[in-house]
Amino acid sequence: MQVDQSTIDPAEIAKFEAMAAEWWDLNGKFKPLHMLNPCRLDYITSQIAGEFDRDLTAEAPFKGLRILDIGCGGGLLSEPMARLGAEVVGADAAAGNIPVAQIHAQQSGLEIDYRHTTAEAMAEAGEKFDVVLNMEVVEHVASPIDYLIACRRLLKPGGLHICSTLNRNPKSFMMAIVGAEHVMRWLPKGTHDWNKFITPDELFDLLNRAGLEPVDRKGFVFNPVAWSWRLSDRDLSVNYVTASLNPGLNPGLNPGSTDA
């Protein structure tokens with residue numbers, strides 16, 4: 001499948017292509033994501049349940065919801081969403097990730113629509129979702145504003161957009177670059193470009209310019225003693241996550257962007 005090239009960064013895609021086979025290795029290059037995943041899922045499921053009035057203790061609480069996991073990788077978020085009853089589309093610009101995700105879903109008895117494509121291509125095709133999960137992707141694209149506009153176009157009116165990324169400050173450089181890549185060697189050197197990290201205020205501005213309405217933000221905080229992650233209302237200094245809504249309006253966009 002030919003994918004839209006408007007915001008993908010070929011160098012960024014190549015990094016994740018090289019690591020594709022390790023997505024489900026708990027001690028491999030994606031160990032940090034496996035460690036973070038329970039905390040991410042706690043935030044995601046509570047936001048979806050709150051917005052769509054779902055009882056997480058019920059069987060298949062997300063039944064009837066169509067969810068897009070953009071930048072799905074090996075399916076670390078797509079699979080839990082499917083288990084909760086949602087109709088899930090997992091999309092990734094790195095072709096090597098898709099067969100890995102498909103095989104693991106089949107082995108897990110899950111039906112997930114995995115596609116080698118981009119947010120822009122899906123938006124142009126008129127796809128619509130109740131929820132777009134956009135986790136740890138925006139810091140890897142060539143044009144964050146155009147990418148976020150595509151994500152907004154993929155949402156139904158009133159749809160929920162959940163976006164996580166990395167803050168840009170000296171602490172995030174020490175932890176995400178020096179610590180994760182050079183000291184702990186959780187990730188290959190060069191996985192992240194600190195200059196492409198986005199502060200919470202910058203991301204809120206981008207979300208607003210893309211036509212989304214930010215409604216929440218929380219920090220993901222790592223505790224090296226307990227060796228675990230937790231959500232924080234205050235500490236957004238390194239990893240953080242936002243929730244925003246599509247008001248269903250035709251927003252005023254930045255002059256350099258287009259929208260259909």
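The structure we're discussing is the one just above.
So, here is what we can say about the structure in this document.

Scoring rules and cut-offs
- Residues numbered from 1 in each chain as written.
- Predicted model: local features only at pLDDT ≥ 70, side-chain atom pairs only at ≥ 80, totals over all residues.
- Heavy atoms only, no water.
- Helix = DSSP H or I, 4+ residues; strand = E, 2+ residues; numbered from the N terminus.
- Expected span 1.5 Å × (residues − 1).
- Bend = angle between axes of the 7 residues up to and from the residue.
- Pairing = 2+ DSSP bridges.
- Axes fitted to C-alpha atoms, helices over the stretch in contact; angles between N-to-C directions.
- Contact = heavy atoms within 4.5 Å.
- Right-handed = clockwise from strand over helix to strand, strands pointing away.
- Buried < 20%, exposed > 50% of the residue type's maximum accessible area, 1.4 Å probe, protein only.
- Polar contact = N/O pair within 3.5 Å; in protein donor to acceptor, adjacent residues only side chain to side chain.
- Salt bridge = Lys/Arg side-chain N within 4 Å of Asp/Glu carboxyl O.

Looking now at helix H2 (residues 31-52). For H2, spanning 22 residues, the distance from its first C-alpha to its last is 31 Å, which sits close to the expected 32 Å at 1.5 Å a residue. At Asn37, H2 shows its maximal kink, close to 45°; a proline, Pro38, follows between one and four residues later. Immediately beyond the C-terminal end of H2, within one or two residues, lies Asp53, with a positive phi of roughly 55°.

What the 8 strands build is an open sheet, ordered S3-S2-S1-S4-S5-S8-S6-S7; its pairing is mixed. Looking along the sheet, the strands with just one partner apiece sit at the ends: strand S3 (113-116) and strand S7 (228-232). Averaged over all neighbouring strand pairs, the angle between strand axes comes to 20°, with direction disregarded. Packing against the sheet, helix H4 (residues 97-107) makes contact with strand S2 (87-92) and S3, and its axis sits at approximately 170° to S3. Seen against the sheet, helix H8 (residues 200-209) touches strand S5 (155-166), strand S6 (213-223) and strand S8 (239-245) and runs at an angle of roughly 150° to S6.

The next subject is the pairing of S3. The sheet contact formed by S2 and S3 spans 4 bridges and is parallel. Bridging from a neighbouring strand, Val89 pairs with Asp113 of S3. Crossover handedness for the path S2 to H4 to S3: right-handed.

Right, let's talk about the side chain of Ser78 for a bit. The residue Ser78 is located in helix H3 (residues 78-83) in this model. What makes Ser78 buried here is its relative accessible area of 0%. Excluding residues within four positions of it along the chain, Ser78 makes contact with Asp69, Cys72, Val88, Gly90, Ile112 and Tyr114.

A word on the pairing of strand S4 (residues 129-135). S4 sits mainly inside the fold: 7 of its 7 residues count as buried. Sheet topology places strand S1 (residues 66-70) next to S4; 4 bridges connect them, and they run parallel. Considered in S4, the bridge of Leu68 is made with Val132. Two strands pair when backbone bridges link them, and S4 and S5 are joined in this way by 6 bridges, in the parallel orientation.

To continue, consider helix H6 (residues 144-153). With respect to burial, H6 is a largely interior element, 8 of its 10 residues being buried. Of all the positions in H6, only Ile145, Tyr147, Leu148, Ile149, Ala150, Cys151, Arg152 and Arg153 are classed as buried. Considering only its buried residues, H6 is in contact with S1, helix H5 (119-124), S4, S5 and H8.

Let us look at the side chain of Asn169. Relative to the elements of secondary structure, Asn169 occurs in the loop between S5 and helix H7 (170-183). We classify Asn169 as buried; its relative accessible area is 18%. Side-chain polar atoms of Asn169 contact the backbone nitrogen of Lys171, separated by 3.1 Å.

Going through the model one piece at a time under the given rule, you end up with 15 salt bridges. The residue Arg66 makes a salt bridge to Glu127 at a minimum N-O spacing of 2.9 Å. Linking Arg66 in strand S1 with Glu127 in the loop between H5 and S4, this pair joins segments that are 61 residues apart in sequence. The exposure class assigned to Arg66 is buried, which follows from its relative accessible area of 15%. The class for Glu127 is buried, based on a relative accessible area of 17%. Note that Asp235 is salt-bridged to Lys171, the shortest N-O span being 3.9 Å. Here Lys171 lies in helix H7 and Asp235 lies in the loop between S7 and S8, a separation of 64 residues in the sequence. Residue class for Lys171 comes out partly exposed when judged on its relative accessible area of 39%. Among the charged side chains, a network of salt bridges with common partners joins Arg66, Glu87, Asp113, Arg115 and Glu127.

No statement about biological role is implied by the geometric values presented.
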